[in-house]
Amino acid sequence: SCATCGGGGRVTERRTLNVEIPAGIASGQQIRLTGRGHAGDFGAAAGDLYVQVDVRADDRFRRDGLDVVTRVAVPVTEAMVGATITVPTVDGEAPVELRAGTQPGDEFVLRGKGFPAIQGRGRGDQRVIVDVRVPRVITEEGRATVERLGEQLDARSYREDEGFFD
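Overview of the structure. (Residues numbered from 1 in each chain as written. Predicted model: local features only at pLDDT ≥ 70, side-chain atom pairs only at ≥ 80, totals over all residues. Heavy atoms only, no water.)

So, the overall build of the protein chain
- A tally of helices and strands in the protein chain yields two helices and eight strands.
- Moving toward the C terminus, one meets the helices and strands of the protein chain in the order β-β-β-β-α-β-β-β-β-α.
- In terms of overall size, the protein chain is more extended than a compact globule, its C-alpha atoms giving a radius of gyration of 28 Å where 166 residues would be expected to give roughly 15 Å.
- With the C-alpha coordinates of the protein chain rotated into their principal frame, the extents come out at 95 × 40 × 20 Å. (Helix = DSSP H or I, 4+ residues; strand = E, 2+ residues; numbered from the N terminus. Rg over C-alpha atoms; globule rule 2.2 N^0.38 Å.)

So, the pattern of salt bridges
- Applying the stated criterion across every chain, the model contains 11 salt bridges.
- Of the charged contacts in the structure, one is a salt bridge between arginine 127 and aspartate 67, with a shortest N-O distance of 3.2 Å. With a gap of 60 residues between them, arginine 127 in strand β8 (residues 126-133) and aspartate 67 in strand β4 (residues 67-75) connect regions that are remote in the sequence. Across the pair, aspartate 67 and arginine 127 agree in class, each one buried.
- Aspartate 106 is the partner of arginine 99 in a salt bridge, and the nearest nitrogen-oxygen pair spans 3.6 Å.
- In this structure aspartate 106 comes out as buried when scored by relative accessible area, which is 15%.
- Connected through salt bridges with shared partners, the residues Asp64, Asp67, Glu107 and Arg127 form a single ionic network. (Salt bridge = Lys/Arg side-chain N within 4 Å of Asp/Glu carboxyl O. Buried < 20%, exposed > 50% of the residue type's maximum accessible area, 1.4 Å probe, protein only.)

Brief notes about the nonpolar core
- Counting 13 residues, the largest nonpolar core has Val74, Ile85, Val87, Val96, Leu98 and Val128 as its most contacted members.
- Sorting the residues of this core by element identifies β4, β5 (83-89), β6 (92-98), β7 (107-110) and β8 as the ones contributing at least two each.
- For valine 87, the residues in contact, after removing those within four places along its chain, are Val72, Gly92, Glu93, Ala94, Val96, Leu110 and Val128. (Core = buried A, V, L, I, M, F, W, Y, C linked by side-chain atoms within 4.5 Å. Contact = heavy atoms within 4.5 Å.)

Some details on the sheet that holds strand β3 (residues 62-64)
- Spatially, four strands are ordered β3-β4-β8-β7 in an open sheet, and the strand pairing comes out mixed. Only two strands of the sheet have a single partner each, and these edge strands are β3 and β7. With direction set aside, neighbouring strand axes in the sheet form an average angle of 35°. (Pairing = 2+ DSSP bridges. Axes fitted to C-alpha atoms, helices over the stretch in contact; angles between N-to-C directions.)

Side note on the pairing of strand β1 (residues 30-33)
- On β1, burial follows the alternation: Ile31 and Leu33 on one face are buried, whereas Gln30 and Arg32 on the facing-out side are not.
- Note that β1 and strand β2 (residues 49-52) share four bridges and pair antiparallel. Each bridged residue has a counterpart across the sheet, and for isoleucine 31 the counterpart in β2 is valine 51.

Overview of the pairing of β4
- Examined bridge by bridge, β3 and β4 share three bridges and lie antiparallel to one another. Residue pairing across strands places arginine 63 opposite valine 68, the latter belonging to β4.
- Taking the residues between adjacent antiparallel strands as the criterion, β3 and β4 are bridged by two residues, where glycine 65 takes a positive phi near 65°.

Right under this line is the structure:
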């Protein structure tokens, strides 16, 4: 018998493989590499190699199926009068138009900015949740300005948005 394989027809060796990771894959999913596994007995075809995927977390994003959820901090003044803000997406940055009177917890949806479906077509969405930041007033001039603003606002300024049945 062969001194290298002891008559088994196989030898142990270490290999490094480059594996293409598809966009949108989630932690816990596997990639199958056909014919890259353990050698078969006595000349049979090699088995398959399964690569277990573990996706590193990103503090800016939370995954919800194919959707991406992002929280953005917005100054109260921009939430009050409306503004265009820039938010991070998995593909870079994108503008989001805040409407005047944006409230804490309001959600804006960026269609098609989520993860792509691995098998099939389409992409998830990105949901942007607004965290309105209220500043601390640290000067007397600032306090006077806020008090003047308070005098300009009345009950209509604080009304709830009209719902479906209103």
